[in-house]
Structures are given as structure tokens and as C-alpha cells.
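Single-letter residue listing:
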Amino acid sequence: MIAKYDEFEGVAKSFNRMADQTQKAFSELTEQGHQLEAVLQGMDDGVLAVDQYDNILLFNERVKVLLQNSGLKIGEKLDGSIVLSQLAGYLREALETDSVVRKEIKLSNPERIMTVYAAPLNAEDAKDGGLLVLSDVTEVRKLQQLRSDALRMLRACTRTAP
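In what follows, the accompanying structure is described. From a predicted model like this one, the values you see are computed outputs, not experimental measurements.

Across all of its chains, the model carries five salt bridges by this definition. Here D54 ties to R92 by a salt bridge, and the two come within 3.3 Å at their closest N and O atoms. Of this pair, D54 sits in the loop between β1 (46–50) and β2 (56–59) while R92 sits in helix α3 (residues 82–97); the two residues are 38 residues apart in sequence, bridging distant segments of the chain. The residue E93 makes a salt bridge to K103 at a minimum N-O spacing of 3.6 Å. Here K103 lies in strand β3 (residues 101–107) and E93 lies in helix α3, a separation of ten residues in the sequence. Judged by its relative accessible area of 31%, E93 is partly exposed.

Before going further, it helps to spend a moment on the sheet that holds β1. One open sheet accounts for five strands, arranged β2-β1-β5-β4-β3; its pairing is antiparallel. In this open sheet, the two strands that pair with only one neighbour each are β2 and β3. Taken over all neighbouring pairs, the strand axes of this sheet differ in orientation by 20 degrees on average, direction set aside. In the sheet, strand β4 (residues 112–120) pairs with strand β5 (residues 130–136) via seven bridges, with the strands oriented antiparallel. Each residue of the ladder has a partner; that of T115, found in β5, is S135. Across the sheet, helix α4 (residues 138–160) touches β3, β4 and β5, and the angle it forms with β4 is around 125 degrees.

Next up on the list: the nonpolar core. Judged by nonpolar contacts, the single largest core of 23 residues is most densely connected at L48, L78, L87, V116, L132 and L134. Where this core is concerned, the elements lending two or more residues are β1, β2, α2 (61–67), α3, β3, β4 and β5. Here this core takes six residues from α3, the largest share from any one element. The contacts of L48, once residues within four sequence positions are left out, are L58, F59, V63, L72, L78, G130, L131 and L132.

Once that is clear, we can look at the pairing of β5. On any regular strand, side chains alternate: one points to one face of the sheet, the next to the other face. Burial analysis of β5 places five of its seven residues in the buried class, which makes it a mostly covered element. Bridge count for β1 against β5 is five bridges, and the pairing is antiparallel. Bridge pairing links V50 to G130 in β5.

Definitions and cut-offs
Residues numbered from 1 in each chain as written. Predicted model: local features only at pLDDT ≥ 70, side-chain atom pairs only at ≥ 80, totals over all residues. Heavy atoms only, no water. Salt bridge = Lys/Arg side-chain N within 4 Å of Asp/Glu carboxyl O. Helix = DSSP H or I, 4+ residues; strand = E, 2+ residues; numbered from the N terminus. Buried < 20%, exposed > 50% of the residue type's maximum accessible area, 1.4 Å probe, protein only. Pairing = 2+ DSSP bridges. Axes fitted to C-alpha atoms, helices over the stretch in contact; angles between N-to-C directions. Contact = heavy atoms within 4.5 Å. Core = buried A, V, L, I, M, F, W, Y, C linked by side-chain atoms within 4.5 Å.

Pasting the structure below:
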């Protein structure tokens, strides 16, 4: 009878050790998830990841603001508007070429210019998905245009000066 008790005690200890390790791993994964969420939400750029079927895996709130699309949902397709279809096309191009694709898109209401980076995800669990990063470069482009206009005016003034 003592031998069976020792066996059960050994199995119970092993089971408890396994449960502790599982709990620790789960806690670490949860913490990593919270850290990733904090990084994504703290970014000024919009971030959106999709799987091989264009289903949305994750995104930050900034992408909703930049795209003026509050209807984005995890698990749904990256479509439903001209802009989303355009973004899906950039991702397909990145996947086909296995490289980062950089494009600019112009949005209206209000008029804005976005730089879009599309890149393949090379993680095993991403199943050939892709990542989009959107940056609002409207103000930068306006400042570049002002600078260009000022230089043009300055050149014109120096040519006509006596």
C-alpha cells in the first residue's frame, strides 16, 4: 500500500510542477501580449497585420484614425473600401516579391497623404501573411512644398534684381 501511495505522491508532484510551469508560461505570454499591445497603441503610425487570406490578425487604433474606418475588426477581410482594397494589393505585391513595398496614397475628406509600407511576415504562425505600416506625411509634404515655393520665389527675385 505504501508503494502505491509513493507512486501517487510522485505523480501528484509531477502534475503540480507541470501546472506551475504552465501557469508561468501563460503569465509570461500574457505579459508579452500586454507589452505588444502597449507598443502598438503608443505608435503614431498605423499598424495592421493580415494572414494569407487577407483576414485581419491585429491592428492598432491609430490605423482606424488614419483610414477613417472604425469598422475594422480582427478576423474580417481587408476589404470593403477602395483604400482597403488598395492596401490588400500592396500586401499581395510584397508577398509575391518577398520584399518591402513602399507606396503613397492620397485620401480625401480631409485631404491627407499616407506613406504605406507593406512587408511579408516571415513567422511560421503568420502563414504567409503581411504587415502594413501607415504614416501620415501630409504635414511633411506641405512643408516640402512651402520650401520649394520659397526657393522658386527667391530664385526669381535674384534674377530680376538690378
